[in-house]
Amino acid sequence: MNRVILLILILIITLIPFGCHETEEQVDVQNKVNAFIIEMNPDLYQSMARMREEITLSDTKIQQLYELKGLFPNQRDMIDKSLKQWHKLRKNLKFTLNNIYDKVEAAYVAYKIDEIQGRKKFSLISQALLKEANTVLANAEITKTTIERELYE
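Below you will find a few notes about this structure.

Conventions and cut-offs
Residues numbered from 1 in each chain as written. Predicted model: local features only at pLDDT ≥ 70, side-chain atom pairs only at ≥ 80, totals over all residues. Heavy atoms only, no water. Salt bridge = Lys/Arg side-chain N within 4 Å of Asp/Glu carboxyl O. Helix = DSSP H or I, 4+ residues; strand = E, 2+ residues; numbered from the N terminus. Buried < 20%, exposed > 50% of the residue type's maximum accessible area, 1.4 Å probe, protein only. Expected span 1.5 Å × (residues − 1).

**Here we look at the pattern of salt bridges**
No. 1: Applying the stated criterion across every chain yields a total of six salt bridges.
No. 2: A salt bridge links Lys144 to Glu54; its shortest N-O distance comes to 3.5 Å. Of this pair, Lys144 sits in helix H5 (residues 115-152) while Glu54 sits in helix H3 (residues 42-71), and the two are 90 residues apart along the sequence.
No. 3: Lys144 gets classed as buried once you look at its relative accessible area, which sits at 11%.
No. 4: A salt bridge links Lys69 to Asp80, with the nearest nitrogen and oxygen atoms 2.7 Å apart.

Structural data, given as structure tokens:
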């Protein structure tokens, strides 16, 4: 069952476009690193996927706030406060996600250089990265709840 899920995730990863500005080689590298994460630490991959979802949600909220600001320019101060919070949340998530990805990429390279040493090294690194990812996600949830609560007060 886990193998089937793993294969489905790998297929999804390879079918998802990563943007127009990335070369086929860059996409291939990302697919290899993502497959590596899924195999070695699926929880870390899930946390990273949740971080990407939160970034997408933040982008949507930011866009909606800019549209609202265009409709109600007299309420700029209130909207700007929310925009600032969402931008900060997005920046924090993006920074952490990129940082984790860079470390996973380095572990992947170490794994490829020496399969045995890489596994030992990655298992240690991945646990620390998973903890970091989960902490950021928890903070993001608190920040998101706080932002939404402030709107109703």
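**Describing H3**
Quick reminder: α-helices carry 3.6 residues per turn. Residues three or four places apart thus point the same way.
No. 1: Here H3 spans 43 Å end to end across 30 residues, near enough to the 44 Å set by a 1.5 Å rise per residue.
No. 2: Where H3 is concerned, the buried positions are Leu44, Tyr45, Ser47, Met48, Met51, Glu54, Ile55, Ser58, Ile62 and Leu65.

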